[in-house]
Amino acid sequence: MKFTKMQGIGNDYIYFNCFENTIENPEELSRRLSDRHFGIGGDGICLITPSDRADAFMDLYNADGSRAMMCGNGIRCVGKYVYERGLCKKDVLNIDTLSGIKTLYLTVENDEVTQVRVDMGEPILEPARIPTTLPEILAQDIQANGTVYTVTAVSMGNPHSVIFVDDVDSLDLEKIGPALENHPVFPQRVNTEFVQVISPEEVKMRVWERGSGETWACGTGACATAVACFLNGKTGRKVRVHLRGGDLTILWNEDTRHVEMTGPAAFVFDGEISL
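Model, not experiment: these values are computed from the prediction.

About the cut-offs
Residues numbered from 1 in each chain as written. Predicted model: local features only at pLDDT ≥ 70, side-chain atom pairs only at ≥ 80, totals over all residues. Heavy atoms only, no water. Phe/Tyr/Trp six-rings, centres within 6.5 Å; stacked < 30°, edge-to-face > 60°. Helix = DSSP H or I, 4+ residues; strand = E, 2+ residues; numbered from the N terminus. Buried < 20%, exposed > 50% of the residue type's maximum accessible area, 1.4 Å probe, protein only. 1 Å grid on protein atoms, 1.4 Å probe; cavity = no way out; pocket = protein on both sides within 12 Å on 5 of 7 lines; lining within 4 Å. Points joined across faces, edges and corners; volume = space filled by probe spheres on them. Nonpolar A, V, L, I, M, F, W, Y, C, P; charged D, E, K, R; others polar. Arc of directions from axis to C-beta. Contact = heavy atoms within 4.5 Å. Pairing = 2+ DSSP bridges.

Some points on the packing of aromatic side chains
On inspection of all chains with the given rule, the structure shows three aromatic pairs. Residues Phe-3 and Phe-269 carry aromatic rings whose centres are separated by 6.0 Å and whose planes lie at 80° to one another, so their mutual orientation is edge-to-face. In this pair, Phe-3 is assigned in strand S1 (residues 2–8) and Phe-269 in strand S18 (residues 266–272), connecting sequence segments 266 residues apart. Residue Phe-3 is classed as buried on the basis of its relative accessible area, which comes to 7%. For Phe-269, a relative accessible area of 36% translates into the label partly exposed. When the centroid spacing of 5.8 Å and the interplanar angle of 90° are considered together, the rings of Phe-230 and Trp-252 count as edge-to-face.

Considering the layout of surface pockets
Size it by volume and the largest pocket reaches roughly 150 Å³. For the largest pocket, the full set of lining residues is Lys-2, Phe-3, Thr-4, Tyr-15, Asn-17, Glu-20, Asn-21, Tyr-81, Arg-85 and Asp-270. Ranked by the residues each element gives to the lining of the largest pocket, the list is headed by S1, at three residues. Split by residue class, the lining of the largest pocket holds three nonpolar, three polar and four charged.

Describing helix H1 (residues 26–34)
Here H1 has its buried residues at Pro-26, Leu-29, Ser-30, Leu-33 and Ser-34. All buried residues of H1 fall inside an arc of 110° around its axis, so they share one side. In this structure, the buried side of H1 is in contact with strand S2 (11–17), strand S3 (44–49) and strand S4 (56–62).

As for the pairing of S1
Counting buried positions along S1 gives five out of seven residues, so the element sits mostly inside the fold. Pairing geometry for S1 and S18, over six bridges, is antiparallel. What sits directly across from Thr-4, in S18, is Asp-270. In the sheet, S1 pairs with S2 via five bridges, with the strands oriented antiparallel. Following the sheet pairing, Gln-7 is matched in S2 by Asp-12. As consecutive antiparallel partners, S1 and S2 are separated by two residues, and within that stretch Ile-9 has a phi angle of approximately 40°, a positive value.

Structure, rendered in structure tokens:
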């Protein structure tokens, strides 16, 4: 079966065109193919399938086989794939996800998608809907591995916990990430963003993703970070987020209350594998 490796600022997935093919047991397939030593390697797999209410459906599975509700970097790659591979030749696309339909605005030059702006919708700020058992979302203290962390909880269709730190580069995420991902105050596990504020317009971020571990980027995490930064008085509504794999520009629109994410997407290579 043919596949395409793509990445959005280092957040890499293995994409399958399921307009033409059907994949059985994607959970097991994602675990097998995502292995960077014995498989293709990636943060998971993405099935691009038909949708009866949008231009395509993004069906995403993490490296551990768990199903993802949403992925900001992944959806930009889906937009590029759908346009450049001829599934839908429009520069404004509606892509269906488990967290709803997202609108993508493609920047196209010489028939190539160079950048994608995604309307990520409104952030979810009610504890029960994130979900979290924390009584409030802002600046709540939790303990993990014997250390107290001050977290701000936000959902962008998937749960996020944002932690402000002085130096993101010095953190041992392999040690602290799993304890925070599986903390009991987050019943569906959580993605954790560690954020160093550089200026009112700029932050640096590392992320521990549920089901994948540390990844080079997380689009929904960057969006959650921008929301948390504004709510905590750290930045304005528009912020440049520096991640390990590159930069994203995030705007929390004051009028619509929607979060807009702008960034690149890239093809890595095509291949074929026996399933």
